[in-house]
Structures are given as C-alpha cells and as structure tokens.
2 protein chains.
Amino acid sequence: MQISMKCSIAVHCLLFIHEAEGKFKITSSLLAESTGCNPVIIRNILSSLKKAGLITVARGTGGAKLCADPSKITLYQIYNALEPDGLSTLIGIHPCEERKCPVAQNIRHVLENPYNKIKDSIKQTMESVTLQSMIDDFDTLVTSKNA
Amino acid sequence: MQISMKCSIAVHCLLFIHEAEGKFKITSSLLAESTGCNPVIIRNILSSLKKAGLITVARGTGGAKLCADPSKITLYQIYNALEPDGLSTLIGIHPCEERKCPVAQNIRHVLENPYNKIKDSIKQTMESVTLQSMIDDFDTLVTSKNA
DNA sequence: ACAAGATGTAATGTCAATAGTTACATCTAT
DNA sequence: ATAGATGTAACTATTGACATTACATCTTGT
C-alpha cells in the first residue's frame, strides 16, 4: 500500500468544504465533480473523515461541514482516518523467519529499527502540516492569480 | 508503489554477503534459499546493487562481494538502487487540473510542499541508517542468542 | 403519506504494479 | 568442451487501488 490518492482527495474535499461552507450545500456529487472521481469514492472518504470526527455529513438532506478547527486538523489525522492500518503497511518485509539461515531469522528484527524510524519521521512531518496551513497556501495562490 | 519487499530482500542479501564473505562462494541460488524467494528475483536485485556500485558479481564463475565500506552504504543508497523513480511514486495525487473548480486547479500545488517535506524526511532518515549499523544490530542479536 | 434527493454500503469489475516462474543466451574456470 | 553460474526477456499469477452499479436508508417539502 502507498500513500494513495485517497489522501489527496480527502484534502481536496476538506479544502472545498472550507471554501464553500455557508455559501451552498456541499454534496458528494458536487465534490465528485470537483475532484474528478466517483461519488461513491467521495462518500467513502467522507464517511472515514466523519468517523474520525473531522466533519459532519447530514443524512438524508445532505451537506458536509467541518466540525473542527482547521488549525487543529493535521495531515496525519486525515491520513490516519483513511488508512486504518496507518503507516504499518507502507513498508514491506519479505517473509523468511522459518528458514534455517541466521540472517533469515533475524532480518525482520534488524529492519525494525530503521523502518520504525522512517514511519516516525513520516508521522512527525504529517503532524506538522495543518489543514489551516494548506488553506492559507490555497488562498495565497488564488488571490495572487486574480491580481 | 510502496517501499517494497525488494528493499528488505536487498538488505538481507547485503547482510548475508557481509557475513559469508571469504567463507564460501555466495551464489544467487544460495541467497534465494536464505531469503525464500526466486533466484531470478535475487539476480535482478543483485544486478541493481551492482549497477549502483555497492557489490560486485562475478560472471560465469559466480560469487557476490561487497565493494564498498558498510559504514558508507546507507539504506537510501540501497533503496535508490532498487527503485529508479525514488520516492516520487510513493505518494499519489489524483488528477484534476483540467477542471473548472479553483480547488481542483490548485490542489496539486497546495500538496506539493507537505508531500515534498515527507519525502525529504524519509530520505534523511534512510540516509542516517548505514549497512554497518544493521550489521552491528545483527551481530548483537546473534551473539546474545548464543549466550 | 409520499416523492425527491441525498447518504451509506455491499458487490462487482477493471487496471496496473508486484512478485513468481520458465526459458534461454552468455560467461568463466576447469 | 562442459559444468555451473549470471543476465535478461517473456509470461503468468496475485494483489491492491480505483471505478461503477445497485440498492437500502434517511430527511425534507409538499
């Protein structure tokens, strides 16, 4: 598994919701139109974000809203909401513990430290990025283009 | 693409080569036996490591040897030898630039910074891990088990 | 009450990437 | 020359990401 498009789509949705909130009702088909992917994909992603407490989605009537301060929402929270196994599946190790060779029996243990370090550094970096910072970047981009 | 098993297999091979070097001839079928994967997979991985200047493989007669100081070989070098596109394919962004929505037009740019940060942090962490440090960990493990 | 429009989710299909396998050409020491 | 090894292309299998269809469920307006 990689850090998949789901994550970028999720950020896209959150950004969209923030920009449009209060102006019009944000439905999954609207977000599908903006992101270029299927409404079901959107609904699944929104569902994950909802479970993580980042947004609310009104059943029946429809409409998504942020339910947390954008400066409190980190990229890691978003990623984690979408990928339940977190970063554990990002790195693969070949299975070979059952073999006689002492290298085979210990390789997993040897790789544990480096791989955990990598995951921790990804986590830390993701935690340092807030939705607010991305909103700011977006706003700067848009206003500079209109100037 | 993820950080695939190729990487762990490569470390396995390098560790094996270091431990066995001088004791007996290290062939691809021997490494296949130790890692539990196909000799062709091994040969492809060794071929990549060879191109990166980390090992030599004797044609015809067979036998792999390290050709760099283990303390100078980093995990990043190993990873990079195997994955020509480096970390660029680790993170996916959904394609949507052609759409009307301003969010769609700018999302890629907004994500550029955070995603580059992530890649850089992975790279830095990988560069901080040397083959020597993994050899040391391995030796410690083996001697402590025999004690 | 009920129709319209929205979400929630299961089931299925498609495609690309990873990994495994076979096959064979090539090389080197004996 | 032959035995044993590497180098690589070609093919298959499997897995995971993503798309799509279908349908149940919910809420509001009438």
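Please refer to the structure placed before this passage.
Summarised in this report is the structure supplied together with it. Treat the numbers as computed from the prediction; the structure is a model and nothing was measured. (Residues numbered from 1 in each chain as written. Chains lettered and ligands numbered in written order. Predicted model: local features only at pLDDT ≥ 70, side-chain atom pairs only at ≥ 80, totals over all residues. Heavy atoms only, no water.)

Some remarks on the interface of chain B and chain A
Step number 1: Between chain B and chain A, the contact holds 52 residues from the first and 52 residues from the second.
Step number 2: Summed over both sides, the interface of chain B with chain A buries roughly 4,300 Å², with 68% coming from carbon and sulfur.
Step number 3: Considering only the side of chain B, the residues that lose the most area to chain A are His94(B), Val103(B) and Val110(B), jointly responsible for 13% of the buried surface there.
Step number 4: Between chain B and chain A we count 2 salt bridges in total. (Contact = heavy atoms within 4.5 Å. Buried area = accessible area lost by both parts, 1.4 Å probe. Salt bridge = Lys/Arg side-chain N within 4 Å of Asp/Glu carboxyl O.)

Regarding the packing of helix H5 (residues 102–127) of chain A against helix H6 (residues 131–146) of chain B
Helix packing for two helices is described by the angle between their axes and how far apart those axes are.
Step number 1: At a closest axis distance of 9 Å, the pairing of H5(A) and H6(B) adopts a crossing angle of 125°. As the angle between them shows, H5(A) and H6(B) are arranged oblique. Regarding H5(A) and H6(B), the two cross each other, and that crossing is right-handed. Touching Pro102(A), Val103(A), Asn106(A), His109(A), Val110(A), Leu111(A), Asn113(A) and Pro114(A) of H5(A) are Met134(B), Asp137(B), Phe138(B), Leu141(B), Val142(B) and Lys145(B), all from H6(B).
Step number 2: Here the residues of the contact of H5(A) with H6(B) sort into 9 nonpolar, 3 polar and 2 charged. (Axes fitted to C-alpha atoms, helices over the stretch in contact; angles between N-to-C directions. Helix = DSSP H or I, 4+ residues; strand = E, 2+ residues; numbered from the N terminus. Parallel < 35°, antiparallel > 145°, perpendicular 65-115°, else oblique. Left-handed = near helix turned anticlockwise from the far one by under 90°. Nonpolar A, V, L, I, M, F, W, Y, C, P; charged D, E, K, R; others polar.)

Re the environment of Tyr115(A)
Step number 1: Within the secondary structure layout, Tyr115(A) lies in helix H5.
Step number 2: Considered as a pair, Tyr115(A) and Ala32(A) are 83 residues apart in the sequence and their alpha carbons are 36 Å apart.
Step number 3: Those residues within four positions of Tyr115(A) in sequence are excluded, and the remaining contacts are Ile91(A), Gly92(A), Ile93(A), Cys7(B), Ser8(B) and Leu75(B).

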